[in-house]
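What follows is each chain in one-letter form.
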Amino acid sequence: MIARLLILMTRGWQKGPSRILPPTCRFQPSCSAYAITALERYGALKGGWLAVKRIARCHPWGGQGHDPVP
């Protein structure tokens, strides 16, 4: 139930602010798509943790390229 709420919030981000802001994602798939997949696959606790770790890596000195959900 919590995972569904987090997925709904992430989809809201994809359909709202994300469309207005310029694309800056360093990874493929995007952080929001990664978060949705992680939440669907692992649930709120582990999927949420994976999404937070991925977002934390998204900075100028972080990685880039293909980074699928484990």
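In this text the structure is predicted, and so the values were computed from the model without any measurement. (Residues numbered from 1 in each chain as written. Predicted model: local features only at pLDDT ≥ 70, side-chain atom pairs only at ≥ 80, totals over all residues. Heavy atoms only, no water.)

Time to look at the packing of aromatic side chains. Using the criterion set out here, one finds zero aromatic pairs in the structure. Sitting over the ring of Tyr42, Lys46 keeps its end group 4.5 Å from the ring centre. Arg57 extends its terminal NZ or CZ atom over the ring of Phe27, reaching a point 5.6 Å from the ring centre. (Phe/Tyr/Trp six-rings, centres within 6.5 Å; stacked < 30°, edge-to-face > 60°. Lys NZ or Arg CZ within 6 Å of the ring centre and 35° of its normal.)

A separate point is helix H3 (residues 31–56). For H3, which comprises 26 residues, the first-to-last C-alpha distance of 10 Å sits more than 12% below the rise-based estimate of 38 Å (1.5 Å per residue). The largest bend in H3 amounts to roughly 140 degrees and is located at Gly43. Those residues of H3 that sit buried are Cys31, Ser32, Tyr34, Ala35, Ile36, Ala38, Leu39, Gly47, Gly48, Leu50, Ala51 and Arg54. (Helix = DSSP H or I, 4+ residues; strand = E, 2+ residues; numbered from the N terminus. Expected span 1.5 Å × (residues − 1). Bend = angle between axes of the 7 residues up to and from the residue. Buried < 20%, exposed > 50% of the residue type's maximum accessible area, 1.4 Å probe, protein only.)

For the rest of this paragraph, the subject is the confidence of the model for the protein. Taken over all residues, the pLDDT of the protein has a mean of 92, while the share at 70 or more is 100%. For the protein, per-element mean pLDDT is lowest for helix H2 (residues 17–20), which scores 89, and highest for H3, which scores 96. (pLDDT = per-residue confidence, 0-100.)

Position of Asp67 relative to the elements: it lies in the segment after strand E2 (65–66). Overall, the relative accessible area of 17% leaves Asp67 in the buried class. A distance of 2.3 Å separates the side chain of Asp67 from the side chain of Arg57, its partner in a polar contact. Once residues lying within four places of it in the same chain are set aside, the contact partners of Asp67 are Phe27, Gln28, Pro29, Tyr34, Arg54 and Arg57. (Polar contact = N/O pair within 3.5 Å; in protein donor to acceptor, adjacent residues only side chain to side chain. Contact = heavy atoms within 4.5 Å.)

It helps to recall that an α-helix has 3.6 residues per turn; residues three or four apart then point in one direction. For helix H1 (residues 2–15), with 14 residues, the first-to-last C-alpha span of 20 Å sits near the 20 Å given by 1.5 Å per residue. For H1, every residue scored as buried is listed here: Ala3, Ile7 and Thr10. Seen from one end, H1 has its buried residues packed into an arc of 65 degrees, which puts them on one side. Along H1, exposed side chains directed more than 90 degrees from the buried face belong to Ile2, Arg4, Leu8, Met9 and Lys15. Among the structural elements, H3 are those in contact with the buried residues of H1. (Arc of directions from axis to C-beta.)

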